[in-house]
Amino acid sequence: LQMLHKMWKDKLICWRLLDEDEYQRLQQERSEKLDTGEIVEPCRRPRSDKGKKRVHPMDETSTHRRKKAHKSLETVESSDEEADAPQAL
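As the structure is a computational prediction, the values presented were derived from the model and not from experiment.

Rules used throughout
Throughout, a residue's number is its position along its own chain's written sequence, starting from 1. With pLDDT at 70 or above as the cut-off, local features in this predicted model cover only qualifying residues; side-chain atom pairs require 80 or more to be listed or tallied, and sums for whole chains, interfaces and linings still use all residues. Side-chain metrics in this entry use all non-hydrogen atoms of the structure; hydrogen atoms and water are not considered. A run of DSSP states H or I qualifies as a helix once it reaches four residues; a run of E qualifies as a strand once it reaches two. Both are numbered from the N-terminal end. When a residue's accessible area, from a 1.4 Å probe over protein chains only, is under 20% of the maximum for its type it is buried; when over 50% it is exposed; and in between it is partly exposed. Accessibility throughout is a Shrake-Rupley quantity obtained with a 1.4 Å probe, and a residue counts as covered only by protein chains that appear here. Each patch is built from residues lacking any salt bridge and having more than 30% relative accessible area; the joining distance is 9 Å for like charges and 5 Å for nonpolar side chains (Val, Leu, Ile, Met, Phe, Trp, Tyr). The term salt bridge refers to a pairing of a side-chain nitrogen on Lys or Arg with a carboxyl oxygen on Asp or Glu at a separation within 4 Å. Residues are treated as being in contact if the distance between any of their heavy atoms lies within 4.5 Å.

Colleague: Can you help me understand the overall build of the protein chain in this one?
Modeller: Regarding its fold elements, the protein chain presents 3 helices and 0 strands. Going from the N terminus to the C terminus, the protein chain shows its helices and strands as α-α-α. Residue burial in the protein chain is summarised as follows: out of 89 residues, 1% are buried. Taken as a whole, the protein chain presents about 10500 Å² of accessible surface, with 53% of it coming from carbon and sulfur.

This is the structure we're talking about:
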């Protein structure tokens, strides 16, 4: 990384815009080199826990907590319903 930074500061390397033809030519060259085995495309090692469910610990900062359902303990008739009902003698 330091070498790249030094080369950048010394203006030995720079960015440039590729036109579509040049990009296609570079892609074709790379594809041919891959086919002949000149270069090998690196493959990454799969994760050791591949296919297993991941456990997400619940903490105070988590916004995805499940809300608890609150249930009332008993049903209470309101006093309005008692007042509206006609009283039997």
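Alright, that's what it looks like, and here's the rest.
Colleague: Sorry if this is basic, but what is going on with a nonpolar patch on the surface here?
Modeller: A cluster of nonpolar side chains, namely Leu18, Tyr23 and Leu26, defines an oily patch on the protein surface of about 250 Å² accessible area. Mapping Leu26 onto the fold places it in helix H2 (residues 20-36). On the basis of relative accessible area, Leu26 is assigned to the partly exposed category, the value being 36%.

Colleague: How should the environment of Met7 be read in this particular structure?
Modeller: Position of Met7 among the secondary structure elements: in helix H1 (residues 2-9). Classification of Met7 by relative accessible area gives partly exposed; the value is 27%. When neighbours within four sequence positions are excluded, Met7 is seen to be in contact with Leu12 and Ile13.

Colleague: Could you clarify how one ought to interpret unusual backbone geometry in this entry?
Modeller: When glycine is set aside, most residues are seen to have a negative phi, and most peptide bonds are trans. Residues other than glycine seldom take positive phi values, yet Lys11 does so here, at roughly 60 degrees. Summarising the element assignment, Lys11 is placed in the loop between H1 and H2. Lys11 sits in the exposed class, given a relative accessible area of 71%.

Colleague: What's the story with H1 in this structure? I'm lost.
Modeller: The periodicity of an α-helix, 3.6 residues per turn, causes residues three or four places apart in sequence to face the same way. For H1, a buried count of 0 out of 8 residues is recorded, marking the element as mostly open to its surroundings. Phi for Lys11, located one or two positions after H1, is positive at around 60 degrees.

Colleague: Is there a simple way to think about the pattern of salt bridges in this case?
Modeller: It is possible for side chains of opposite charge to pair when their charged atoms get near one another. For the structure on display, the rule yields 6 salt bridges. Here Glu22 ties to Arg25 by a salt bridge, and the two come within 3.9 Å at their closest N and O atoms. Within this pair, Glu22 and its partner Arg25 are both found in helix H2, separated by 3 residues, close to a single helical turn. The exposure class assigned to Glu22 is buried, which follows from its relative accessible area of 18%. The partly exposed category is assigned to Arg25, whose relative accessible area is 43%. Measuring nitrogen to oxygen at the nearest pair gives 3.0 Å for the salt bridge that ties Asp49 to Arg47. Residue Arg47 is classed as exposed on the basis of its relative accessible area of 52%.

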